[in-house]
Structures are given as structure tokens and as C-alpha cells.
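Next come the chains, spelled out residue by residue.
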Amino acid sequence: FDISDMTQPKLLDEYVITSASSEANYDPKALIHYPARNIIGIPVFSYNSYGLYNSVKSFAVIKYDDNKLSQVRGFLHDSENNGELFRGSCIEDRLYTIDCYKVVEHSLESGEKTRECIILDEENEKKSYEGIYATTVPAYIP
């Protein structure tokens, strides 16, 4: 947006992701802005061909230059759990996607998943429903 006149903001460019939704549509905290690399990012929840939630979570990273969106890349989070908080954050040349179950590290350059850390596994999830809150965090992440 061009907001030089705050009473009349102007749309400069847009990118539409079809068959999906994002928390960024209603929660501005879901959007990340990483000006060091000229990128913004949003969490994306995909729908299948029947319009039902898929179990696919990804994070769309959009590069911008000269008021134009120049590149869009999706980073797959690989989680079968939907509905809970899903966010991303950039540190140097890495994107970290985070939900209630795990943290996944991706290379911003190649798009590859480089590491992941399970926060809440199936056994501990069952315990948390029973009122016993627990988590497993490894001491070392390879």
C-alpha cells in the first residue's frame, strides 16, 4: 500500500493464494516483516478440492522490490494438526515455522527444511487432555 495520504491508501500490488486461508486476514500479528531481506510472510492453511481443511500448513514468504511483489515461496510445515496457533519468524538466512507441536527451521535461500524440534508428541498431547501438562524438548537439535 502507498500510505502517503493516510485518508486514501492505494493498493500497489497483490498476490492471491487460492484454496487457502491465513490468520493474517484477521490477526496482523500473524504477518511477519523482515526488512533486511525485503520479505513479508504469512501462515497459510490449505483447503482440498472439496473446500474442506487439509492437513497442510505452509508459510508463504513474499519478496518485494520497488513496490512490486517479485517472488513467492511456500515453506511446508508438515503438521497434521489444524486450528491451533501457527506463526513464523526470520533470523538471518533462516525461517522458523512454529505451532503447538513443533518448530521447523528452513533455509530462506533454498527453501529446504534443515531441522525440526518436536514440542508436543502424541503421548504428551494425550496427557495434556487429561490435565497433566507435559512436553518433550530434546537437549540437542542436530
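For the structure, check the block above.
The following refers to the structure shown. (Residues numbered from 1 in each chain as written. Predicted model: local features only at pLDDT ≥ 70, side-chain atom pairs only at ≥ 80, totals over all residues. Heavy atoms only, no water.)

## Quick look at the pattern of salt bridges
Applying the stated criterion to the full structure yields 8 salt bridges. The partner of Asp99 in a salt bridge is Lys57, and the shortest N-O contact between them spans 2.8 Å. Note that Asp99 is positioned in strand S7 (residues 94–99) and Lys57 in strand S4 (residues 53–65), a separation of 42 residues in sequence. Under the relative-accessibility criterion, Lys57 is labelled buried at 0%. Measuring nitrogen to oxygen at the nearest pair gives 3.0 Å for the salt bridge that ties Lys113 to Glu116. Given a relative accessible area of 39%, Lys113 falls into the partly exposed group. Through salt bridges with shared partners, a single network forms among Glu23, Asp27 and Arg87. (Salt bridge = Lys/Arg side-chain N within 4 Å of Asp/Glu carboxyl O. Helix = DSSP H or I, 4+ residues; strand = E, 2+ residues; numbered from the N terminus. Buried < 20%, exposed > 50% of the residue type's maximum accessible area, 1.4 Å probe, protein only.)

## Looking at the nonpolar core
Counting residues in hydrophobic clusters, the biggest one holds 11 residues: Ile32, Tyr34, Ile39, Phe45, Phe59, Val61, Phe75, Phe86, Cys90, Leu95 and Leu108. Among the secondary structure elements, those contributing two or more residues to this core are strand S2 (32–34), strand S3 (39–47), S4 and strand S6 (86–91). Sequence-distant contacts of Ile32, that is, excluding residues within four places in its chain, are made with Ile39, Ile40, Gly41, Phe59, Gly88, Ser89, Cys90 and Leu95. (Core = buried A, V, L, I, M, F, W, Y, C linked by side-chain atoms within 4.5 Å. Contact = heavy atoms within 4.5 Å.)

## Quick notes on the packing of aromatic side chains
The final tally for this structure, using the stated rule, is 2 aromatic pairs. Between Phe45 and Phe86 the ring centres are 5.8 Å apart and the planes differ by 70 degrees, which places this aromatic pair in the edge-to-face class. Taken together, the residues span a long stretch of sequence, with Phe45 in strand S3 and Phe86 in strand S6 at a distance of 41 residues. Owing to a relative accessible area of 3%, Phe45 belongs among the buried residues under this scheme. When the centroid spacing of 6.2 Å and the interplanar angle of 85 degrees are considered together, the rings of Phe59 and Phe86 count as edge-to-face. Of this pair, Phe59 sits in strand S4 while Phe86 sits in strand S6; the two residues are 27 residues apart in sequence, bridging distant segments of the chain. As far as burial versus exposure is concerned, Phe59 and Phe86 are alike and both buried. Among the aromatic side chains, those forming a connected cluster through ring pairs are Phe45, Phe59 and Phe86. (Phe/Tyr/Trp six-rings, centres within 6.5 Å; stacked < 30°, edge-to-face > 60°.)

Remember, this is a structural readout, not a statement about activity or role.
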